[in-house]
Amino acid sequence: MSDPAILDRVFQVILSRKGADTANSHVARLFAKGRAKIAQKVGEEGVEAALAGLAGSETELVGEAADLIFHLFILLAERGLTPADVWAELEAREGLSGVAEKASRPKG
Ligand SMILES: N=c1c2ncn([C@@H]3O[C@H](COP(=O)(O)OP(=O)(O)OP(=O)(O)O)[C@@H](O)[C@H]3O)c2ncn1[C@@H]1O[C@H](COP(=O)(O)O)[C@@H](O)[C@H]1O
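Residues numbered from 1 in each chain as written. Predicted model: local features only at pLDDT ≥ 70, side-chain atom pairs only at ≥ 80, totals over all residues.

Student: Would you take a moment to explain the overall build of the protein chain for this structure?
Tutor: Secondary structure summary: the protein chain contains six helices and zero strands in total. Reading the protein chain from its N end, one meets helices and strands in the order α-α-α-α-α-α. The principal-axis extent of the C-alpha atoms belonging to the protein chain is close to 50 × 35 × 35 Å. Counting all 108 residues of the protein chain, 12% fall into the buried class. Pairs at least 24 apart in sequence give 43% of the contacts found in the protein chain among residues at least 6 apart. (Helix = DSSP H or I, 4+ residues; strand = E, 2+ residues; numbered from the N terminus. Buried ≥ 20, exposed ≤ 12 C-beta atoms within 10 Å, placed from the backbone. Contact = placed C-beta atoms within 7 Å.)

Written as structure tokens, this is what we have:
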């Protein structure tokens, strides 16, 4: 089984790339291009992951899922957030059925 601590390590590398030399760093280049470009990348990777899930191989889906998580982490970092903020949100939702949550939404 792979080590989930890779998520923390990748995020720490992402943080270290803020303001770093863009010559050899994909992450530093994205930070330099700004939020709109990073958000665009997350959208593209999301679509690619969806398409891989629909019709790609298992290997393609795993690769696209990694691309999506990686670029989503860069977007969180750009906004001053961390994966821990997302984990806390998931914990807050733990045990709450998605069906029950949807039914509890105000009717609009
Ligand atoms: N996990 C990744 C990772 N996943 C994907 N990618 C890169 O993301 C890029 C996505 O390619 P695309 O063609 O979609 O995007 P693009 O080349 O920027 O082209 P445009 O969308 O701008 O047109 C590729 O260059 C991939 O290599 C990653 N680059 C880095 N990491 C991790 O981040 C660390 C730091 O990377 P650097 O900042 O590059 O040192 C690395 O050590 C890795 O651990």
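Student: What exactly am I supposed to notice about the nonpolar core here?
Tutor: Considering soluble globular proteins, one finds that nonpolar side chains tend to be buried as a cluster. I14, V27, L30, F31, I38, F73, I74 and A77 together form the largest nonpolar core, which totals eight residues. Elements with a minimum of two residues in this core: α2 (26-33) and α4 (58-78). For A77, the contacting residues outside a window of four places in its chain are I14 and L15. (Core = buried A, V, L, I, M, F, W, Y, C linked by C-beta atoms within 7 Å.)

Student: It is not clear to me how the site of the ligand should be interpreted in this structure. Could you clarify?
Tutor: If you check the shell around the ligand, you find V10, V13, R17, S25, H26, V27, A28, K41, D67 and F70 and nothing else. Those elements that provide at least two residues to the shell around the ligand are α1 (6-16), α2 and α4. (Near = placed C-beta within 6 Å.)

Student: Sorry, what's going on with the packing of α1 against α4 here?
Tutor: The geometry of a pair of packed helices is captured by two quantities: the angle between their axes and the separation between those axes. At a minimum axis separation of 10 Å, α1 and α4 run at an interaxial angle of 50°. In this view, α1 runs oblique relative to α4, as classed from their interaxial angle. The chirality of how α1 crosses α4 is right-handed. Here α1 contributes V10, F11, I14 and L15 to the contact with α4, which in turn contributes F70, F73, I74 and A77. A class-by-class count of the residues in the contact of α1 with α4 yields eight nonpolar, no polar and no charged. (Axes fitted to C-alpha atoms, helices over the stretch in contact; angles between N-to-C directions. Parallel < 35°, antiparallel > 145°, perpendicular 65-115°, else oblique. Left-handed = near helix turned anticlockwise from the far one by under 90°. Nonpolar A, V, L, I, M, F, W, Y, C, P; charged D, E, K, R; others polar.)

Student: Help me understand the packing of helix α3 (residues 35-55) against α4 in this model?
Tutor: In contact at an axis separation of 8 Å, α3 and α4 are set at 160° when each is read in the N-to-C sense. In terms of orientation, α3 and α4 fall into the roughly antiparallel class. α4 is crossed by α3, and the crossing has left-handed handedness. Where α3 approaches α4, its residues R35, I38, A39, K41, V42, E45, G46, E48, A49, A52 and G53 are matched on the opposing element by E60, L61, E64, A65, D67, L68, H71, L72, I74, L75 and E78.

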